[in-house]
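Chain by chain, the residues run as shown.
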Amino acid sequence: MAKLFIFSGYGHNQSFELVGSSVNIGRSEDNDIQISDMSVSRTHLNIMEKDGSFFVKDLNSQNGTYVNGTRINPDEYYEIKENCPIVIGMTLICIGKMCPDHIRSFLGSLNSHSGREELDPGATTFFRPFTDIKNRELITNINNVFHVASDVDEVAGRLLDHILNHFLRVDRVVIILCTENSSGKMVETVISRSRSGKEKQEGGFSRMIVDRVISSRTPLIVPNVTNEKELELSGTLKLLKIGSVMCAPIIKDNRLMGVLYIDSHEKPYGFRDDDLALITELGSLTAKSIEPFLANDTGR
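Structural notes, computed from the coordinates.

Scoring rules and cut-offs
- Residues numbered from 1 in each chain as written.
- Predicted model: local features only at pLDDT ≥ 70, side-chain atom pairs only at ≥ 80, totals over all residues.
- Heavy atoms only, no water.
- Helix = DSSP H or I, 4+ residues; strand = E, 2+ residues; numbered from the N terminus.
- Buried < 20%, exposed > 50% of the residue type's maximum accessible area, 1.4 Å probe, protein only.
- Contact = heavy atoms within 4.5 Å.
- Areas by Shrake-Rupley, 256 points an atom, 1.4 Å probe, with all protein chains shown as cover.
- Salt bridge = Lys/Arg side-chain N within 4 Å of Asp/Glu carboxyl O.
- Pairing = 2+ DSSP bridges.
- Core = buried A, V, L, I, M, F, W, Y, C linked by side-chain atoms within 4.5 Å.

### Here's the deal with the overall build of the protein
Each helix and strand in the protein was counted, giving seven helices and 16 strands. Evaluated residue by residue, the protein yields a buried proportion of 47% over its 300 residues. In the protein, the share of contacts with a sequence separation of at least 24, taken over all contacts with a separation of at least 6, comes to 54%. Counting every atom, the protein has about 14,800 Å² of accessible surface; 48% of that belongs to carbon and sulfur.

### Observations regarding the pattern of salt bridges
Counted by the stated rule, this structure contains nine salt bridges. Through salt bridges with shared partners, a single ionic network connects Glu188, Arg207 and Asp211.

### What to know about helix 5 (residues 207-216)
Of the residues making up helix 5, those classed as buried are Met208, Ile209, Val210 and Val213. In the stretch just after helix 5, arginine 217 is the one whose phi turns positive, near 60 degrees.

### Considerations on the sheet that holds strand 6 (residues 53-58)
Spatially, 4-3-5-6-9 is the arrangement adopted by the five strands of the open sheet, whose pairing is mixed. Edge positions in the sheet fall to strand 4 (33-34) and strand 9 (77-80), since each of these pairs with one other strand and no more.

### Structural notes on the pairing of strand 6
Counting buried residues in strand 6 gives five out of six residues, a clear majority hidden from the surface. Taken together, the six bridges between strand 5 (residues 45-50) and strand 6 define a ladder with antiparallel strand orientation. Bridge pairing links methionine 48 to phenylalanine 55 in strand 6. Two elements, strand 6 and strand 9, share four bridges in a ladder whose sense is antiparallel.

### Things to note about the environment of alanine 149
Looking at the element boundaries, alanine 149 is found in the loop between helix 3 (128-148) and helix 4 (152-166). When its relative accessible area of 11% is taken as the criterion, alanine 149 is described as buried. Contact partners of alanine 149, with chain neighbours within four places excluded, come to Glu154, Val155 and Phe293.

### Comments concerning the nonpolar core
Core analysis: the largest hydrophobic core is formed by 35 residues, its most contacted members being Leu260 and Leu282. Elements represented by at least two residues in this core include exactly helix 3, helix 4, strand 12 (172-180), strand 15 (244-252), strand 16 (255-264) and helix 7 (273-295). Looking at this core, the element that brings in the most residues is helix 7, giving eight residues.

What follows is the structure, given as structure tokens:
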């Protein structure tokens, strides 16, 4: 008999036998299988078995259903293969007779802080909805930290720690705060974290990248320095032994408060556009959090 496996989110590591030809899944107790995930709708998904094949239908859920990385239309049945990853709310599930090892190994690579191998590009696309879940979890955790932080240093330090734990491909993350002192002179404060535990690594961060983001007030990414066509920029990054880098402004209402800078050293781990979008959002959240502190803390 086929089972429904829960791999991540609420009820992870559980499995349920699919009894009958039609099974409803949702947050409500009235469902055949209940998943107590607040991002799952009360009645979220229907699974239908017909002639040995399985079909899923999203029941007009609020957050949708993703099959093989693609959001499906509501009220339409889609045939799925055994062990196909399905994301509902913040929960990753699949249907099959056995626990699929390829999903477990992928989740392990996401959750292992010591794993440094680059994920297969096909796999990251295949599981992109789950990556989005991890990103939302990061934003939620950081928001919670911001609400209880007592000063700028605590905001920055906790933010950097969360980013290092989230991005396996990051070797160093830096916040550079830009404030005016009582004389009207711009003062920079640098707060950094590195995976090696050494806050100051040989070579330092790219001043050219930081200056460009400060000047343009727009995010910047170099996924792989070996493919960078601008010779001056690629030469500088190679000299600093930086393989890939991204940087986003910490800005609110056109007021620039600094930048959030991330890079990798051992090899270019290939930051993606969605990674840049995430740190750009984190830069905006950071600006909202530190603005009250900076208003009362000039000349740091």
